[in-house]
Amino acid sequence: RDAQESRGLGDVYKRQVDDDGKLLPPQQLRLLTHEYDLGATSPSSPCSAVTGIMDTIPHPEFAPSSSGSLAHDIALLRLSEPRPDECLQGLPRLDLGNSDLVDALVREKGDGVVAGWGRTSLDGALWQTYPRKLREIAVPIVNEGVCSRNYGASYSTRAMICAGGQRGRDTCLGDSGSPMFSELVGTGERVVIGITSWGLGCAQGLPGAYSRVSFY
């Protein structure tokens, strides 16, 4: 993609369309859970599975075409069947109502760790630039003013996290919807503070915008 193409919720929908460009119903979507190797012929672990999706619930105020803002780029997926309790042990929890954690990361110039299945390069054939295994990268949490200056009204200081800005280190096309983690000081517990949302280009030195989980 070129430098003007954003990585937003549309990236998710591009993978949810049929050959005629129509959105597929949730019942035809599949979610890879736990460890997964797309090139393997057998599951990577006992908890690895391809899980069906019963319903998708987008945020009711996500309306970039009418509002001009990309805020509220967040949704819930209702799985077709529950995951076993043993497969949920140790998973990061959501950072609900703890905005101080993100503010502290900005003050201390801390990092957020983003995991995703997005492109690792904009060079080469499309199928060659998507990974077989889930990847992660640490990106710095930066002051919201940086994104406000670069993106104007498209960026929401209340509902988003500004992160990245280093050349060669970034999320990219296909990472939208992926979690951003941070560790709690003292306990080392991982919590999900953000969700990969959008940006301009990939790894070109501009920060990206991540939906701020604590806002919701």
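Residues numbered from 1 in each chain as written. Predicted model: local features only at pLDDT ≥ 70, side-chain atom pairs only at ≥ 80, totals over all residues. Heavy atoms only, no water.

With that settled, consider the confidence of the model for the chain. In the predicted model, the chain carries a mean pLDDT of 81, and 84% of its residues have values of at least 70. Here helix H1 (residues 9-14) stands out as the element of the chain with the lowest mean pLDDT, 39, in contrast to strand E10 (residues 207-212), whose mean of 95 is the highest. Long-range and interchain partners of residues 1-15, a stretch whose pLDDT sits below 50, account for 45 contacts in this model, where long-range means more than four residues apart. (pLDDT = per-residue confidence, 0-100. Helix = DSSP H or I, 4+ residues; strand = E, 2+ residues; numbered from the N terminus. Contact = heavy atoms within 4.5 Å.)

Here we take up the sheet that holds strand E1 (residues 30-33). Judged by pairing direction, the sheet is antiparallel, and its 3 strands sit side by side in the order E1-E2-E3 without closing on themselves. What marks the edges here is a single partner per strand, and that holds for E1 and strand E3 (75-79). With strand direction ignored, the average angle separating the axes of adjacent strands in the sheet is 50 degrees. (Pairing = 2+ DSSP bridges. Axes fitted to C-alpha atoms, helices over the stretch in contact; angles between N-to-C directions.)

A covalent bond between the sulfur atoms of two cysteines is referred to as a disulfide. With the rule as written, the count across this model stands at 3 disulfides. Between the sulfur atoms of Cys47 and its disulfide mate Cys87 the distance is 2.1 Å. As the torsion about the S-S bond is roughly -85 degrees, the Cys47-Cys87 disulfide counts as left-handed. With Cys47 in the loop between E1 and strand E2 (49-58) and Cys87 in the loop between E3 and strand E4 (93-94), this pair connects stretches of sequence that are 40 residues apart. For Cys47, a relative accessible area of 11% puts it in the buried group. Put simply, Cys147 and Cys162 are joined by a disulfide, and their sulfur atoms are 2.1 Å apart. One disulfide, between Cys147 and Cys162, carries an S-S torsion of 85 degrees and so falls in the right-handed class. Linking Cys147 in helix H4 (residues 144-151) with Cys162 in strand E7 (residues 160-164), this pair joins segments that are 15 residues apart in sequence. In this pair, the class of Cys147 matches that of Cys162, namely buried. (Disulfide = S-S within 2.5 Å. Buried < 20%, exposed > 50% of the residue type's maximum accessible area, 1.4 Å probe, protein only.)

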